Amino acid sequence: METKIQGILDRYPAEKTENLIPILQDIQDHDGFLSQESVIEVSKYLKMPSSRIFGVATFYNQFRFTPLGKYHIQVCRGTACHVLGSVTVLDEVEKNIGVKAGQTSRDGMFSLEVVACIGACGLAPVIAINGNFHAKVTCESIKEILDNYRNQE
Amino acid sequence: MSFLMEVNNKQIEARKGETILDALNRNGLKVPTLCHLKGSLPTGSCRMCVVENLKTTKLITACSTPVEPGMVLLTHSPRVIDSRKTIVELLLSNHPDDCLFCVRNKNCELQDLSEELHVRERRIKGVKNVHHLDRSSASIVRDPDKCILCGRCVRVCDEVMGVSCIDFINRGSQSVIGVAFNKSINTSSCVNCGQCIMVCPTGALSEKSHFPELIAMLNNPEKTVVVQYAPSISVSLAEEFNMAPGTDINGIMNAALRKIGFKHVFDTTFTADLTIMEEAAELVQRITTGGTLPMFTSCCPGWVKFAEEFYSELIHHLSSCKSPQQMMGAVIKSYWAEKTKTKPENIYSVSVMPCTAKKFEAQREEMTTMGITEVDAVLTTRELGQLIHMYGIDLQNIAAETADSPLGFRSSAGKLFGATGGVMEAAIRTAYHMITGNELIQFKIEALRGFDGCKEAQLTINDLTISVAVVNGLANARKLVESIKKGEKQYHFIEIMACPGGCINGGGQHIGASESAVKARMKTLYDIDDKETIKASHKNPEIQQIYKEFLGEPLGHKSHELLHTHYCKRNVLL
């Protein structure tokens, strides 16, 4: 049976473990996350234990293990945002959508990611949703912003 | 090439290419280690072994730094000791501190280091990571809260066993050792060998205990509680009681088991002999009738599960014989039950094994006949030690007794099962007899003895030339199987034991045994074989009796029903 990620794997030689990270990146670009099935496929292709692949993948912040939500929220936890209260921002977002960082809400609507610095310190505290920046957010504005996305449905 | 270097203001001899740690140890100087694993490449991650290099004024890891001429080192300067102590204090700040309730109390490297470094106050406090206790495996309990992330289990699982079912997950303070996708260990490729327990410095890994049920059964008047013990137990139990490694305490152990309350004491070595009768017959049959070759042994449940997971295409190469433990379980609840008019369902059958994988084997569904399990509880050597302590039995002051008969008499061939190569030697003795009708003149096959990972021999029996291989350590098994698959190697019969050195170094044995202690156990098994007169399984009078009274002949109908089994492909996380 042709597997879903076969096209990606075909771009790399079999059993060459040094390509692990590029392969995982390609899969995440394609699927939005690393599923168990795809990790197992990579494990077979590279003849590398799935425990080791999972170990490598969890070492890096860039890899996700749950599918992205329809709206992907990135909360900046860089220095400037931290100084201006991004802990509270993260807390508020988590409470609002009911999941923790790295997770996706059950209805598939929102996924949440913490990023080190989004590069918009002048707008701190800042969050980005599907790449759209929301500047100087507060607990009140977060509710409004997220409700707006909900109401688009 | 050797040269001098200065350690603690004295000149010591160092050899080019060795690590500082090796040079220090050879010169009688000890530095503490945690992540260091003998025979494995150093990772230098725990920093316990740091020594002060006076030339560079740096602290360097002794385990991973090669010696250099003219080095000037201090191994126990105030700075070094302070550094080591801080590491222990940091580890303790994220440790449950429940030593009194811990399976490794009084046999824990973290506890020892804390003592040695004189940690007397809780200087560093912090949030402790809390993880799930993983009791999903039939053999192994994982308590990641007690894990200090030394990584020894990860390395032994990968490098020695070739299984790699666990690895480091996450990073930094979130690091944890676990199975892929944070799943429970029973879904992984873990073969239950228990070598991870053997190298764990703390109580993060331990065997699953059957104590409460066992003690309830021992006190249940309706149950006949019987026990069997593996060939290697009598030569390794002594170390649980601070006796010299390799001391054979078979008779004392029989007496102790009776004092604990086991009604009947059987020797699994008897069924090791029985295994040889069946396995040698199977080998002769396969060779003479063009059956599937090479034939692999199937005594080792770690290897059996490994084959089912990684080499399911080779399952029909495995001998269909059950292991001695399961054969004993089966004949106790049939032959012996009939003979003594005991109802099989009222027998509670316990085994003492050097092995954690035996706990898994006992609960395999193939090892149940008509809803009755063949073996009800499996204890490791360590657990038997605990049981003897719990019942207050003083091994120094009790008289030796013999095991019960039938099912208690053995040949010395069966005893060899405890060491790598032993099954092969025993099988050859009986196969030779089955083919030629004569006895071997030279029983000992030196090429198959010792600790080498892979041993080979060629034997001539009449006009047949039989090539055999003996492997210990599953990583070595993987290499051999790959070379067989590629057609590079050809054999008739291959013995595989999962643990390095065989059962004498199994995952249920004494924790913290040195290499020389394991060698001493092996030597005792060979000495028993040298000393005794019944050196072949088919010469065991009780074996002859069970075939006459009950089984008929090897590979006969009754044998197939009770002593043989089948295997199946396992879908686990590889």
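Up top you'll find the structure we're talking about.
Here we summarise the structure given alongside this text.

Thresholds applied
- Residues numbered from 1 in each chain as written.
- Chains lettered and ligands numbered in written order.
- Predicted model: local features only at pLDDT ≥ 70, side-chain atom pairs only at ≥ 80, totals over all residues.
- Heavy atoms only, no water.
- Core = buried A, V, L, I, M, F, W, Y, C linked by side-chain atoms within 4.5 Å.
- Buried < 20%, exposed > 50% of the residue type's maximum accessible area, 1.4 Å probe, protein only.
- Helix = DSSP H or I, 4+ residues; strand = E, 2+ residues; numbered from the N terminus.
- Contact = heavy atoms within 4.5 Å.
- Pairing = 2+ DSSP bridges.
- Right-handed = clockwise from strand over helix to strand, strands pointing away.
- Axes fitted to C-alpha atoms, helices over the stretch in contact; angles between N-to-C directions.
- Buried area = accessible area lost by both parts, 1.4 Å probe.
- Salt bridge = Lys/Arg side-chain N within 4 Å of Asp/Glu carboxyl O.
- Polar contact = N/O pair within 3.5 Å; in protein donor to acceptor, adjacent residues only side chain to side chain.
- Nonpolar A, V, L, I, M, F, W, Y, C, P; charged D, E, K, R; others polar.

The next thing to look at is the nonpolar core. One finds V42 of chain A together with W303, V468, L474 and I494 of chain B to be the most contacted residues of the largest nonpolar core, which totals 93 residues. Looking at which element gives the most residues to this core, the answer is helix 14 (residues 422-436) of chain B, with six residues. Ignoring any residue separated from it by four or fewer positions in sequence, one finds V468 of chain B in contact with M424, I428, L448, K455, E456, A457, L459, Y491 and F493 of chain B. The next biggest cluster of nonpolar side chains, apart from the first, holds 39 residues, and it includes M217, V352, A377 and I393 of chain B.

All names here are of chain B. Relative to the elements of secondary structure, S232 occurs in the loop between strand 10 (224-229) and helix 7 (250-260). Here S232 falls in the buried class, since its relative accessible area comes to 0%. Apart from residues lying up to four places away in sequence, S232 is in contact with P354, G418, C503, I504 and Q509.

Our next topic: the pairing of strand 19 (residues 493-497) of chain B. Residues and elements named next belong to chain B. Strand 19 sits mainly inside the fold: five of its five residues count as buried. The two faces of strand 19 match: F493, E495 and M497 on one face and I494 and I496 on the other face are all buried. Across two bridges, the pairing between strand 12 (residues 295-296) and strand 19 is parallel. By the bridge assignment for strand 19, M295 is matched with F493. Viewed along the sheet, the connection from strand 18 (residues 464-472) through helix 15 (residues 474-485) into strand 19 turns out right-handed.

Okay, the sheet that holds strand 12 of chain B next. Strand pairing in a sheet is mediated by backbone hydrogen bonds. Such pairs are either parallel or antiparallel. All names here are of chain B. The sheet built from four strands is open, its strands ordered 12-19-18-17 with mixed pairing. One side of each edge strand has no neighbouring strand; the edge strands of this open sheet are strand 12 and strand 17 (454-461). Pairing geometry for strand 18 and strand 19, over five bridges, is parallel. When the bridges of strand 19 are listed, V471 appears paired with I496. Here helix 14 sits on the sheet in contact with strand 17, strand 18 and strand 19, set at roughly 155° to strand 19.

A separate point is the interface of chain B and chain A. Contacts between the two partners involve 16 residues from chain B and, on the opposite side, 13 residues from chain A. Buried area between chain B and chain A, summed over both chains or domains, comes out near 1300 Å², and the portion from carbon and sulfur atoms is 56%. Taken together, chain B and chain A are joined by two salt bridges. D167 of chain B is paired through a salt bridge with R52 of chain A; the nearest N and O atoms lie 3.8 Å apart. Inspection of the chain B/chain A interface yields six residue pairs in polar contact (both at pLDDT 80 or more). Sorting elements by how many residues they give to the side of chain B that touches chain A places strand 7 (residues 167-169) of chain B first, with three residues. Along the lines of polarity and charge, the residues of the side of chain B that touches chain A split into nine nonpolar, three polar and four charged.

Everything listed is a geometric property; what it means functionally is a separate question.
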